[in-house]
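Chain residues, written in single-letter form:
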Amino acid sequence: MTLQINADLHCHSTVSDGTLEPEVLAARAKANGVELWALTDHDEIGGQQRALEAAQAEGLKYLTGVEISVTFADTTVHIVGLGFDHTNPRMVEGLADTRDGRGPRALEMSNQLAKVGIHGAYEGALKHAGNPKLISRTHFARFLVETGVCRDTSEVFRKYLTEGKPGYVEHRWAKLGDAVQWITQGGGIAVIAHPARYHFSPTVEYALFSEFKQHGGLGVEVVTGSHSSAEALRYADMAREMDLLASRGSDFHSPTESHVDLGKLPPLPAGLTPVWSQLSDRVH
Ligand code: AMP
Ligand code: MN
Ligand code: MN
Ligand code: MN
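Residues numbered from 1 in each chain as written. Chains lettered and ligands numbered in written order. Predicted model: local features only at pLDDT ≥ 70, side-chain atom pairs only at ≥ 80, totals over all residues. Heavy atoms only, no water.

Asker: Looking at this structure, I do not really get the packing of aromatic side chains. What am I missing?
Answerer: Any pair of aromatic rings gets described here by the distance separating the centres and the angle formed by the planes. The full count for this structure, using the stated rule, is four aromatic pairs. Ring plane angle 40° and centroid distance 5.8 Å describe the contact between Tyr198 and Phe200, whose orientation is recorded as tilted. Taken together, a centroid distance of 6.5 Å and an interplanar angle of 15° make the contact between Phe209 and Tyr235 stacked. Taken as a pair, Phe209 in helix H9 (residues 202-214) and Tyr235 in helix H10 (residues 229-241) lie far apart in primary sequence, 26 residues in all. (Phe/Tyr/Trp six-rings, centres within 6.5 Å; stacked < 30°, edge-to-face > 60°. Helix = DSSP H or I, 4+ residues; strand = E, 2+ residues; numbered from the N terminus.)

Asker: Help me understand the nonpolar core, please; the structure alone is not making it clear to me.
Answerer: The nonpolar side chains of soluble globular proteins are, as a tendency, buried together. One finds Ile68 and Val222 to be the most contacted residues of the largest nonpolar core, which totals 54 residues. Here Val222 is in contact with His227, Ala232, Tyr235, Ala236, Ala239, Ala246, Ser247, Leu268, Pro269 and Leu272, once residues within four sequence places are set aside. (Core = buried A, V, L, I, M, F, W, Y, C linked by side-chain atoms within 4.5 Å. Buried < 20%, exposed > 50% of the residue type's maximum accessible area, 1.4 Å probe, protein only. Contact = heavy atoms within 4.5 Å.)

Asker: Would you mind showing me how to read the coordination of the manganese ion (ligand 4) here?
Answerer: Geometry reference: four tetrahedral donors at a metal, ideal angle 109.5 degrees. Six octahedral donors, ideal angles 90 or 180 degrees. At this site the manganese ion (ligand 4) is bound by His10 (NE2), His12 (NE2), Glu67 (OE) and Asp251 (OD), with donor distances of 2.1 to 2.2 Å. Here the donor residues of the manganese ion (ligand 4) share one chain and are spaced in sequence as H-x1-H-x54-E-x183-D. Between the two metals, the manganese ion (ligand 4) and the manganese ion (ligand 2), the spacing is 4.6 Å. With His10 in the loop between strand E1 (7-8) and helix H1 (22-31) and Glu67 in strand E4 (residues 65-72), the pair connects residues that are 57 residues apart, well separated along the chain. Here His10 and Glu67 have matching classes, each one buried. (Donors = N, O, S within 2.8 Å, 3.2 Å for Na, K, Ca; no water.)

Asker: Help me understand the coordination of the manganese ion (ligand 3) in this model?
Answerer: For the manganese ion (ligand 3), the protein coordination sphere consists of Glu67 (OE), His78 (ND1) and His194 (NE2), at 2.1 to 2.2 Å. Donor residues for the manganese ion (ligand 3) sit on one chain with the sequence pattern E-x10-H-x115-H. Here the manganese ion (ligand 2) and the manganese ion (ligand 3) are spaced 5.7 Å from one another. Of this pair, His78 sits in strand E5 (residues 75-82) while His194 is found in the loop between strand E6 (189-192) and H9, placing the two residues 116 residues apart along the sequence. A relative accessible area of 12% means that His78 is categorised as buried.

Limitation: the analysis is restricted to geometry and does not speak to function.
Listed below in structure tokens is the structure:
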């Protein structure tokens, strides 16, 4: 595969917290000039077969994908998996366990929001969830926008759904090593998603990258919808220094909420090895 192709290896469908169906995303990716695509729903691979078939129907190259929620240093970190076997039982069961905590967490979020006068948030969020097992903060955010509590989802996160705010509930996700192993044992490559989002100190960030590599992780997202151009350059340096493959993905969720559309990203900075150069035998 050529190195500078329009690869978009991170986005979400109604199977997690996106607003478009996998088939609609495939068509949008194709129309936007994407040449290699992966759907990476949170903690869920139930959309993979649909995405793969829709991509094939569009004549679009496809890699299987997932974005796994992990707890590292008391912080939620996201690990993207690419090109793994989506029928691997270890992955299927591991993700089911990871998802299990979402229901009780959502009920607790709703109880906390009720204490600040926002009622019916659980039922309201559930109506926005295409997949009730995957109820997420995004669905709560959409409910609070719908009911006029906030103007947009960013405001909801700022005021209600982040650490220290009334609707935020501490949660334990998967272990870093487990998530990486589910991906690599199924023949895929594990990638640290949007590293600038975690705001780790240099020491903790180094610990994350080192432990990730020790577990068999190979890649890092350099160009993503969540990074500024300065952050992309910073993590390009990090990829070179730590000998990691570089990934690129919009993290597209919705035409009205996402700032970066599918395939509408800058190219990877020079001097990096793209993750897709090591995945040509995994392309569908
Ligand atoms: P959860 O997995 O339930 O904790 O929800 C995490 C999701 O919330 C992320 O994948 C994003 O889609 C969304 N999210 C997190 N922070 C923000 C933010 N500041 N503004 C908008 N969406 C956010
Ligand atoms: Mn999301
Ligand atoms: Mn993420
Ligand atoms: Mn994402």
